[in-house]
Amino acid sequence: ALILFGAVQISMVLIGYLRGTKLYFIEWAGIAIAFGGLTYLVLPGITAPTLIGFFLMATAGVAWGIYTLSGKGSLNPLADTAFNFLRTVPFAVVLAVIAFGEIELSPKGILLAAISGGVTSGIGYTIWYTALGGLSATEAAVVQLAVPIIAAIGGVVFVSEDFSLRLAVSATLTLGGILMVTLGQQKFLRLEHEAEK
């Protein structure tokens, strides 16, 4: 999780910087605090990954960062998401053929995979593409750190997992860091605008 989200953050902030996005100290601090919150959440389960595992997760993170930023200008998020899903079909078919001997198929498994991958993920990506219109690259990068926190809280609400002090501290740090980035950027932009008058 840390490799994936770290790669997402680094790629999106770097691309935003190369495109001219100026980061203020409070935004850097917010990113660090939010990432620290995520680190604290997953800390008990951290183990050193294999080199190939590290490479694959980092590649996935960079790809997600690029995918996110490419969707920022989407005029029709639903159609764009559907088209993106359609373009993955040839890759999925090739992978299925390669792994065919090891695949265990059942009608229930196929149905659940189709709902999870095609329906709920499709809706989630469409909502994300829609939300991106109002976020800078930096805000979009740091807001994604809320995903593991939301998932953990969902586990508490829907499957009766324990609400721990670790989750409370992690959520506070992560959401506080996100708030620092979003409010900090707005404040400094407002101050710059007033200074120009």
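Participant: Quick question: what am I supposed to make of the overall build of the chain here?
Facilitator: Scanning the chain from terminus to terminus reveals 8 helices and 0 strands. Along the chain, helices (α) and strands (β) appear in the sequence α-α-α-α-α-α-α-α when read from the amino end. C-alpha extents for the chain along the principal axes are approximately 65 × 40 × 35 Å. Residue burial in the chain is summarised as follows: out of 197 residues, 31% are buried. Excluding contacts between residues fewer than 6 apart, the proportion of contacts in the chain whose partners are at least 24 apart in sequence is 88%. About 12,500 Å² of surface is accessible on the chain, with carbon and sulfur atoms providing 74% of the total. When the 9 basic and 10 acidic side-chain charges of the chain are each reduced to a single mean position, those positions are 7 Å apart.

Participant: What exactly am I supposed to notice about the packing of helix H4 (residues 77-98) against helix H5 (residues 107-132) here?
Facilitator: What describes two packed helices is the angle between their axes and the distance between those same axes. The interhelical angle for the contact between H4 and H5, taken along N-to-C directions, is 135°, at an axis separation of 9 Å. In terms of axis orientation, H4 runs oblique to H5. Of the two possible hands of crossing, H4 and H5 adopt the one that is right-handed. Seen from H4, the contacting residues are Pro77, Leu78, Asp80, Thr81, Asn84 and Phe85; seen from H5, they are Gly117, Gly118, Ser121, Gly122, Tyr125, Thr126, Tyr129 and Thr130. Of the residues belonging to the contact of H4 with H5, the class tally is 5 nonpolar, 8 polar and 1 charged.

Participant: Hey, could you run me through the side chain of glutamine 9 in this one?
Facilitator: With respect to the helices and strands, glutamine 9 occurs in helix H1 (residues 2-18). Overall, the relative accessible area of 6% leaves glutamine 9 in the buried class. Not counting residues within four places of it along the chain, the set of residues in contact with glutamine 9 comprises Phe35, Ala141, Val142 and Leu145.

Participant: Is there a simple way to explain helix H3 (residues 51-70) in this structure?
Facilitator: Helical geometry note: an α-helix holds 3.6 residues per turn, so side chains three or four residues apart project in the same direction. End to end, H3 covers 28 Å across 20 residues, agreeing with the expected 28 Å (1.5 Å per residue, within 8%). Residues Ala58, Gly61, Gly65, Tyr67, Thr68 and Leu69 constitute the buried set of H3.

Participant: When you look at a nonpolar patch on the surface in this model, what are you seeing that I'm missing?
Facilitator: Residues Phe83, Leu86, Val89, Val93 and Val97 make up a contiguous nonpolar surface patch of about 480 Å² in total accessible area. As for its position among the elements, phenylalanine 83 is in helix H4.

Participant: Please clarify how the packing of H3 against H5 should be interpreted in this entry.
Facilitator: Contact pair H3 / H5: the axes reach a minimum separation of 9 Å and the direction vectors enclose 60°. When the axis of H3 is compared with that of H5, the two are oblique. Of the residues in H5, those in contact with Trp64, Tyr67, Thr68 and Ser70 of H3 are Tyr125, Trp128, Tyr129 and Leu132.

Participant: How should the confidence of the model for the chain be read in this particular structure?
Facilitator: Low pLDDT marks stretches whose predicted atomic positions should not be read closely. Of the residues in the chain, 91% have a pLDDT of 70 or more, and the chain-wide mean is 81. Between the elements of the chain, mean pLDDT differs from a low of 78, seen in helix H8 (residues 165-196), to a high of 87, seen in H4.

Participant: What am I meant to see in the nonpolar core here?
Facilitator: Nonpolar side chains in soluble globular proteins generally cluster together in the buried interior. Counting residues in each nonpolar core, the largest one holds 22 residues, and the members touching the most others are Met12, Ala140, Val142 and Leu145. Every element with two or more residues in this core is listed here: H1, helix H2 (25-42), H3, H5, helix H6 (137-143) and H8. Apart from the residues lying within four places of it in its own chain, the contact partners of methionine 12 are Gly65, Thr68, Leu69, Ala137, Ala140, Ala141 and Gln144. Counting 5 residues, the second-largest nonpolar core is a separate cluster that includes Ile149, Ala152, Leu167 and Ala171.

Participant: What exactly am I supposed to notice about the packing of aromatic side chains here?
Facilitator: The geometry of an aromatic ring pair is captured by two quantities: the separation of the ring centres and the angle between the planes. Counted according to the given criterion, the structure contains 5 aromatic pairs. Between tyrosine 67 and tyrosine 125, the aromatic rings sit 6.0 Å apart at their centres with planes inclined by 65°, giving edge-to-face as the arrangement. Here the residue tyrosine 67 occupies a position in helix H3, and tyrosine 125 occupies one in helix H5, the gap between them amounting to 58 residues. Exposure remark for tyrosine 125: the relative accessible area of 30% places this residue in the partly exposed category. Put simply, the rings of Trp64, Tyr67, Phe85, Tyr125 and Tyr129 pair up and form one aromatic cluster. Here arginine 166 stacks its cationic end above the ring of tyrosine 40, 4.3 Å away from the centre of that ring.

Cut-offs and rules
Residues numbered from 1 in each chain as written. Predicted model: local features only at pLDDT ≥ 70, side-chain atom pairs only at ≥ 80, totals over all residues. Heavy atoms only, no water. Helix = DSSP H or I, 4+ residues; strand = E, 2+ residues; numbered from the N terminus. Buried < 20%, exposed > 50% of the residue type's maximum accessible area, 1.4 Å probe, protein only. Contact = heavy atoms within 4.5 Å. Areas by Shrake-Rupley, 256 points an atom, 1.4 Å probe, with all protein chains shown as cover. Lys, Arg positive; Asp, Glu negative; His and termini not counted. Charge placed at Lys NZ, Arg CZ, Asp CG, Glu CD. Axes fitted to C-alpha atoms, helices over the stretch in contact; angles between N-to-C directions. Parallel < 35°, antiparallel > 145°, perpendicular 65-115°, else oblique. Left-handed = near helix turned anticlockwise from the far one by under 90°. Nonpolar A, V, L, I, M, F, W, Y, C, P; charged D, E, K, R; others polar. Expected span 1.5 Å × (residues − 1). Patch = residues over 30% accessible without salt bridge, like charges linked within 9 Å, V, L, I, M, F, W, Y side chains within 5 Å. Salt bridge = Lys/Arg side-chain N within 4 Å of Asp/Glu carboxyl O. pLDDT = per-residue confidence, 0-100. Core = buried A, V, L, I, M, F, W, Y, C linked by side-chain atoms within 4.5 Å. Phe/Tyr/Trp six-rings, centres within 6.5 Å; stacked < 30°, edge-to-face > 60°. Lys NZ or Arg CZ within 6 Å of the ring centre and 35° of its normal.

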